[in-house]
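Coordinates in review
If you want the building blocks of each chain, they are given just below.
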Amino acid sequence: MTVTITTLVENTAGIPYVLAEWGQSMLIEADGRKVLFDTGPSAVIIENAKKLNVDLSNIDEIVLSHGHYDHTGGLKDVLTLIKKAGTKPNGVEIIAHPDVFQQKCFYVKGMQPGRIHIPFTRAELESLGARFNLTSKPVKISENIMTTGEVEISNSYEKIDAALHVQEGEEFIPDCVADDLSVIIKTDKGLIVLLGCAHRGMINNITHAQKITGVDRIYAVIGGTHLVSAGPKQMSETIKALTQLNIQKLGASHCTGPKSAAVLANEFGDTFFFNNTGIRTIL
Ligand SMILES: [Fe+2]
Ligand SMILES: [Fe+2]
């Protein structure tokens, strides 16, 4: 089976002519399916898809990694494009966690909260053809493609950013980002794990993928690792875990941050690549 991952939106342009923007979107082609994993924050996904000769009008499903705007803000433009094309008369299935519509914000006491939630209502998206499949459980999309569902936290060195909150009325409640899920693709060489933001930790996501599939071998990990604010302890534990896993491809994007990406590049040599906008990986 050939798996093709095309990065439609990411913080940095990896090739000429595409646009870079803080966020992430990847198109997965495997098992004869086209699955869009996140949409980036805006209509930039539409422009980049054109430049990369990607037809978004015939995608089979959309998976949202979590409810932050930088992964969901392009959703309205994608749904509008599909609606105009008339290719999906029954609408498009969108797989996500039930917490995806929470009023998520970046909040530090005494400061103005930064709004980072999905910038649309559910009704608004449904009027454009969205058919939400909201569940905390893993979803099997095809023979070899599935979502992780809610990721179990199993180690002590990966912590959720303390500034992430959910607003409920006047109250700001720490966000455990239960909605943060990944996509798993089973191959003969092992699992491919595609990360959204990995707010619950990159290694926790991988461990969870191993647990729910019963497959230990990890072939590739691609996406946002959330190592941007990792301290030395988390970095060294992460490198130790990745080394033990003997991963063959490590494509860091988005919330990895340039400094942590440089550390991984130095550590993992040819196994590592920068998974930026426009990068197409065939596995
Ligand atoms: Fe996020
Ligand atoms: Fe993000």
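Up top is the structure.
Parameters at a glance
- Residues numbered from 1 in each chain as written.
- Chains lettered and ligands numbered in written order.
- Predicted model: local features only at pLDDT ≥ 70, side-chain atom pairs only at ≥ 80, totals over all residues.
- Helix = DSSP H or I, 4+ residues; strand = E, 2+ residues; numbered from the N terminus.
- Rg over C-alpha atoms; globule rule 2.2 N^0.38 Å.
- Buried ≥ 20, exposed ≤ 12 C-beta atoms within 10 Å, placed from the backbone.
- Contact = placed C-beta atoms within 7 Å.
- Pairing = 2+ DSSP bridges.
- Axes fitted to C-alpha atoms, helices over the stretch in contact; angles between N-to-C directions.
- Right-handed = clockwise from strand over helix to strand, strands pointing away.
- Expected span 1.5 Å × (residues − 1).
- Arc of directions from axis to C-beta.
- Core = buried A, V, L, I, M, F, W, Y, C linked by C-beta atoms within 7 Å.

1. Observations regarding the overall build of the protein chain
Helices and strands together make up the secondary structure of the protein chain, namely 7 helices and 17 strands. The C-alpha atoms of the protein chain give 18 Å as radius of gyration, which agrees with the globular expectation for 283 residues (19 Å, within 12%). If one aligns the C-alpha atoms of the protein chain with their principal axes, the spans along those axes are about 50 × 50 × 40 Å. Sorting the 283 residues of the protein chain into buried and exposed places 47% on the buried side. Sequence separation of at least 24 residues holds for 73% of the intrachain contacts in the protein chain that already meet a minimum separation of 6.

2. Notes on the environment of A49
Residue position: A49 is located in helix 1 (residues 44–51). Taking the C-alpha atoms as reference points, A49 and V18, separated by 31 residues in sequence, lie 8.9 Å from one another. Not counting the four nearest positions on each side in its chain, A49 is found in contact with L8, V54 and L56.

3. What to know about the sheet that holds strand 1 (residues 4–9)
Strand order in the open sheet formed by 7 strands is 8-5-4-3-2-1-17, and the pairing between neighbours is mixed. Each edge of the open sheet is held by one strand with a lone partner, namely strand 8 (130–134) and strand 17 (280–282). Going across the sheet, the axis of each strand differs from the next one's by a mean of 20°, ignoring polarity. The strands that helix 1 touches are strand 1 and strand 2 (25–30); relative to strand 1, the one it contacts most, it runs at about 130°.

4. Structural notes on the pairing of strand 13 (residues 190–195)
Both faces of the sheet carry side chains from a regular strand, because those side chains alternate between them. Of all 6 residues in strand 13, 5 are buried; the element is thus mostly enclosed. The pairing of strand 12 (residues 183–187) with strand 13 spans 5 bridges and is antiparallel. Counted as the bridge partner of K186 is L191 from strand 13. Counting the residues between successive antiparallel strands, the hairpin from strand 12 to strand 13 contains 2 residues. Handedness of the strand 13-helix 5 (residues 202–213)-strand 14 (residues 218–224) crossover: right-handed.

5. Overview of the sheet that holds strand 15 (residues 249–253)
Reading across the sheet, the 6 strands line up as 9-12-13-14-15-16 and stay open at both edges, with mixed pairing between neighbours. For this open sheet the edge positions go to strand 9 (145–147) and strand 16 (272–274), each flanked by a neighbour on one side alone. Adjacent strand axes in the sheet meet at a mean angle of 20°, parallel and antiparallel pairs treated alike. In the packing of helix 5 onto the sheet, the strands contacted are strand 12, strand 13 and strand 14, and the crossing angle to strand 13 comes to about 135°.

6. Remarks on helix 6 (residues 232–245)
With 14 residues, helix 6 extends 20 Å between its outermost C-alpha atoms, agreeing within 8% with the 20 Å of an ideal straight helix rising 1.5 Å per residue. Considered for burial, the residues of helix 6 that qualify are Q234, T238, L242 and L245. Here the buried residues of helix 6 occupy an arc of 60° about the axis, which is enough to place them on one side. Within helix 6, the exposed residues directed more than 90 degrees away from the buried face are P232, K233, K240, T243 and Q244.

7. Overview of the nonpolar core
Ranked by internal contacts, the top residues of the largest apolar core, which has 68 residues, are I28, V193, L194 and V221. Among all residues touching V221, those that are not within four sequence positions of it are V193, L195, I206, I247 and L250.

8. So, helix 1
Looking only at helix 1, the buried set comprises V44, I45, N48 and A49. All buried residues of helix 1 lie within an arc of 135° about the axis, which places them on one face of the element. Downstream of helix 1 by a residue or two, N53 has a phi angle that is positive, lying close to 55°.

9. Brief notes about the pairing of strand 15
Most of strand 15 is tucked away, with 5 of its 5 residues classed as buried. A two-sided burial pattern is seen for strand 15, the buried positions comprising K249, G251 and S253 on one face and L250 and A252 on the other. Relative to strand 15, strand 14 is paired through 5 bridges, and the arrangement is parallel. Bridge pairing links G224 to S253 in strand 15. With 3 bridges joining them, strand 15 and strand 16 adopt parallel strand pairing. When the bridges of strand 16 are listed, A252 appears paired with F274.

10. A few points about the environment of W22
The residue W22 is located in the loop between strand 1 and strand 2 in this model. W22 sits in the partly exposed class, given 14 other C-beta atoms within 10 Å. Separated by 260 residues in the primary sequence, W22 and I282 have C-alpha atoms spaced 24 Å apart. Other than its neighbours up to four places away in sequence, W22 contacts N11, P41 and D70.

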